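These are the residues of each chain, in order.
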Amino acid sequence: MVRSINPKKAKRKNKNKGEASSSSMPSMPTRVWQPGVDKLEDGEELQCDPSAYNSLHGFHVGWPCLSFDILGDKLGLNRTEFPHTLYMVAGTQAEKAPLNSIGLFKISNVSGKRRDVVPKTLVNGDDAMEDEDEEDEDSDSDEESEDGASTAPVIQVRRVAHHGCVNRIRAMPQNPHICVSWADSGHVQVWDMSSHLNALAESETEGKDGTSPVLNQAPLVNFSGHKDEGYAIDWSPAAAGRLLSGDCMSMIHLWEPASGSWTVDPIPLAGHTASVEDLQWSPTETNVFASCSVDKTVAVWDVRERKSPVLSFKAHDADVNVISWNRLASCMLASGSDDGTFSIHDLRACSLKNVGDTKVAHFEYHKHPITSIEWSAHESSTLAVSSGDNQLTIWDLSLEKDEEEEAEFKAQTKEQVNTPQDLPPQLLFVHQGQKDLKELHWHNQIPGMIISTASDGFNILMPYNIQNTLPDLAA
């Protein structure tokens, strides 16, 4: 987001009438706006800069969704060509328990435009730059392409009734049609959604515009052994069907697949002293997982050693809300706290006899609780974070401040935006515009794509500076 006096409407008006050009209008200073730091003055408004995205779309599905998951598909790995098609599952937070449902979504025609970090038109002079800016404004204001076809995503949905709000929902990585939901009623349920996904895949009209009815379906498993509701749940990426669920009473249950169903160990894993907020299986070890808790700790477990965690360390000075295990660098674990901080832990600093200082990075950028954190599936040093301050941020931990390179880049791009000097050099991107952000996920098969959910709906975004390298202008 940037803050400025809005010249766009006047600019378009003058352009349409053939009167003054945009260059004749008084220019107002533009600068990055920081939530919790800056205040909007009279006459100022926030504007989204569409040129910062390769793709940006928003949609809502009725009731807010606290949790969702992106489903693996057979449309190809590392897809880069627009338009994109994707599948996801989400659970609602309805006003009354009987109104809730699980939605299976097919989202097609996700359009976009690949942009360069340094525009190719730069070498052709300022006029070419202005032409590109005007093209961006026109294309972002109209939901139609040059041939008249709509560039808005096409959303198809099939809904399954779910009694109670869905606290969290996850799809099995190896079999995405198998999903598990945590209900605020205290039940954990496993579902087979294959018939609904097949119906969506085979039709371009099934459930279009949210017209499909809510269907009744019995879950494969309905576990009521937890003593309270919870939010923590995770499928193992290394052992198909292996599952963990953790509750607000600090207990964790291990699920094992058994002949098309699951066996849940009635004796929970007990090691935390407060609510278990999140769980993450190791990306490489079939018996190892991590948990985080309101007791401010992160614990690492081996399911073969059931009495207590193998390792446990204080991760933050407040509740630890979320964790993410890096699947490209399995020694790295990220954690996000209720105090707005997030940290990167190197698990190699720990041993069975000694728990050293695991933190290799700690960030205090966000001003409200961290609600979601996830490593990129394509870049081992990149992760995304969402917060109650209504910001979704993307970070590259491999970056360091280089004043000479920064000055050269600004000179080449003739940058006009006044960037705050106190921003961390690892901060790649800030996305705003959603209220009460709850969860985000990278798309494992579409590099650079992130989907986020908030109280006012979903966003699909592809920042222009993710999965790109700076071109060599001297060449």
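All values reported here derive from a predicted model rather than from experimental measurement.

1. A word on the overall build of the chain
Link 1 in the chain: Per the secondary structure count, the chain includes 4 helices and 33 strands.
Link 2 in the chain: Scored against the burial criterion, the 475 residues of the chain give a buried share of 48%.
Link 3 in the chain: In the chain, of all internal contacts separated by at least 6 residues, the share reaching a separation of at least 24 is 61%.
Link 4 in the chain: A total accessible area of about 22,400 Å² is found for the chain, and carbon and sulfur atoms account for 48% of it.

2. A word on the pairing of strand S17 (residues 261–264)
Link 1 in the chain: The alternating pattern of S17 places Trp262 and Val264 on a buried face and Ser261 and Thr263 on a face that is not buried.
Link 2 in the chain: The sheet contact formed by strand S16 (residues 251–258) and S17 spans 4 bridges and is antiparallel. Within S17, the position partnered with Ala258 by the bridge is Ser261.
Link 3 in the chain: Count of turn residues in the S16/S17 antiparallel hairpin: 2 residues, of which Ser259 carries a positive phi of about 50°.

3. Here's the deal with unusual backbone geometry
Link 1 in the chain: Of note, the bond from Phe82 into Pro83 is cis; its omega dihedral lies within 30 degrees of zero at -5°.
Link 2 in the chain: Within the secondary structure, Pro83 sits in the loop between strand S5 (65–71) and strand S6 (84–92).
Link 3 in the chain: Notably, Asn78 is not glycine yet its phi reads approximately 50°, a positive angle.
Link 4 in the chain: Structurally, Asn78 is set in the loop between S5 and S6.

4. Describing the pattern of salt bridges
Link 1 in the chain: According to the stated counting rule, one finds 11 salt bridges in the structure shown.
Link 2 in the chain: A salt bridge links Asp278 to Arg168, with the nearest nitrogen and oxygen atoms 3.2 Å apart. In this pair, Asp278 sits in strand S19 (residues 276–281) while Arg168 sits in strand S9 (residues 166–171), placing the two residues 110 residues apart along the sequence.
Link 3 in the chain: Linked by salt bridges that have partners in common, Arg168, Arg170, Asp278 and Glu439 make up one network.

5. A word on the sheet that holds strand S23 (residues 320–325)
Link 1 in the chain: Across the sheet, 4 strands lie side by side as S23-S24-S25-S26; this open sheet has antiparallel pairing. Sheet topology places S23 and strand S26 (359–363) at the edges, where each strand pairs with a single neighbour. With strand direction ignored, the average angle separating the axes of adjacent strands in the sheet is 15°.
Link 2 in the chain: Two strands pair when backbone bridges link them, and S23 and strand S24 (residues 332–337) are joined in this way by 5 bridges, in the antiparallel orientation. Counterpart to Ser324 in the pairing with S24 is Ala334.

6. Points about the sheet that holds S5
Link 1 in the chain: Read across the sheet, 5 strands follow the order S5-S6-S7-S8-S12 without closing on themselves; strand pairing throughout is mixed. Here the strands that pair on one side only, and so sit at the sheet edges, are S5 and strand S12 (214–215).
Link 2 in the chain: Pairing between strand S8 (residues 154–161) and S12: 2 bridges, direction parallel. Bridged to Val160 within S12 is Leu215.
Link 3 in the chain: Where helix H3 (residues 194–201) meets the sheet, it contacts S5, S6, strand S7 (101–110), S8 and S12, and its direction lies at approximately 160° from that of S8.

7. What about the side chain of Asp389?
Link 1 in the chain: Within the secondary structure, Asp389 is located in the loop between strand S28 (382–387) and strand S29 (392–396).
Link 2 in the chain: The side chain of Asp389 is buried and forms no salt bridge, while Lys367, the nearest opposite charge, is found at 7.6 Å.
Link 3 in the chain: There is a polar contact of 3.3 Å between the side chain of Asp389 and the backbone nitrogen of Lys367.

8. A few points about H3
Link 1 in the chain: For H3, the complete set of buried residues consists of His196, Leu197, Ala199 and Leu200. All buried residues of H3 fall inside an arc of 160° around its axis, so they share one side.
Link 2 in the chain: Each element contacted by the buried residues of H3 is listed here: S5, S6, S7, S8 and S12.

9. As for the packing of aromatic side chains
Link 1 in the chain: All chains considered together, the criterion is met by 12 aromatic pairs.
Link 2 in the chain: Between Phe59 and Phe458 the ring centres are 5.2 Å apart and the planes differ by 15°, which places this aromatic pair in the stacked class. Of this pair, Phe59 sits in strand S4 (residues 53–59) while Phe458 sits in strand S33 (residues 457–463); the two residues are 399 residues apart in sequence, bridging distant segments of the chain.
Link 3 in the chain: By relative accessible area, which is 9% here, Phe59 ends up buried.
Link 4 in the chain: Between the aromatic rings of Tyr365 and Trp395, the centroid separation amounts to 5.8 Å while the plane-to-plane angle is 75°, which identifies the pairing as edge-to-face. Taken together, the residues Tyr365 in the loop between S26 and strand S27 (370–375) and Trp395 in strand S29 connect sequence positions 30 residues apart.

10. Overview of the side chain of His226
Link 1 in the chain: Relative to the elements of secondary structure, His226 occurs in the loop between strand S13 (221–223) and strand S14 (232–235).
Link 2 in the chain: Accessibility expressed as a relative area gives 6% for His226, which makes it buried.
Link 3 in the chain: Here Asp247 takes part through its side chain, which lies 2.7 Å from a polar atom of the side chain of His226.
Link 4 in the chain: For His226, the contacting residues outside a window of four places in its chain are Trp182, Gly186, Val188, Ser245, Gly246, Asp247, Met251 and His253.

11. A closer look at the nonpolar core
Link 1 in the chain: Formed by 18 residues in total, the largest nonpolar core has its most connected members in Met88, Ile107, Ile451, Phe458 and Ile460.
Link 2 in the chain: Mapped by element, the contributors of at least two residues to this core are S5, S6, S7 and S33.
Link 3 in the chain: When residues no more than four places from it in sequence are discounted, the contact partners of Met88 are Phe59, Phe68, Asp69, Ile70, Leu71, Gly103, Leu104, Phe105, Ile107, Ile451 and Phe458.
Link 4 in the chain: In this structure, Val322, Phe342, Tyr365 and Ile373 belong to the second largest nonpolar core, which totals 16 residues.

12. Quick look at the pairing of S19
Link 1 in the chain: For S19, the tally of buried residues reaches 6 of 6 residues, placing the bulk of the element in the interior.
Link 2 in the chain: One ladder, built from 5 bridges, connects S19 with strand S20 (residues 288–293); its direction is antiparallel. When the sheet's bridge partners are listed, Trp281 is paired in S20 with Phe289.
Link 3 in the chain: Between S19 and S20, which pair antiparallel and follow one another directly, the connecting turn spans 6 residues.

13. What to know about the environment of Phe342
Link 1 in the chain: Note on placement: Phe342 falls in strand S25 (residues 342–346).
Link 2 in the chain: Of the residues examined, Phe342 reaches a relative accessible area of 0% and is grouped as buried.
Link 3 in the chain: Separated by 27 residues in sequence, Phe342 and Pro369 have C-alpha atoms that sit 9.5 Å apart.
Link 4 in the chain: Each residue touching Phe342, except ones within four places of it in the same chain, is listed here: His316, Ser335, Gly336, Ala361, His362, Phe363, His366, Ile373, Leu383, Val385 and Trp395.

Cut-offs and rules
Residues numbered from 1 in each chain as written. Predicted model: local features only at pLDDT ≥ 70, side-chain atom pairs only at ≥ 80, totals over all residues. Heavy atoms only, no water. Helix = DSSP H or I, 4+ residues; strand = E, 2+ residues; numbered from the N terminus. Buried < 20%, exposed > 50% of the residue type's maximum accessible area, 1.4 Å probe, protein only. Contact = heavy atoms within 4.5 Å. Areas by Shrake-Rupley, 256 points an atom, 1.4 Å probe, with all protein chains shown as cover. Pairing = 2+ DSSP bridges. Salt bridge = Lys/Arg side-chain N within 4 Å of Asp/Glu carboxyl O. Axes fitted to C-alpha atoms, helices over the stretch in contact; angles between N-to-C directions. Lys, Arg positive; Asp, Glu negative; His and termini not counted. Polar contact = N/O pair within 3.5 Å; in protein donor to acceptor, adjacent residues only side chain to side chain. Arc of directions from axis to C-beta. Phe/Tyr/Trp six-rings, centres within 6.5 Å; stacked < 30°, edge-to-face > 60°. Core = buried A, V, L, I, M, F, W, Y, C linked by side-chain atoms within 4.5 Å.

Function cannot be inferred from these measures alone, as they are strictly geometric.
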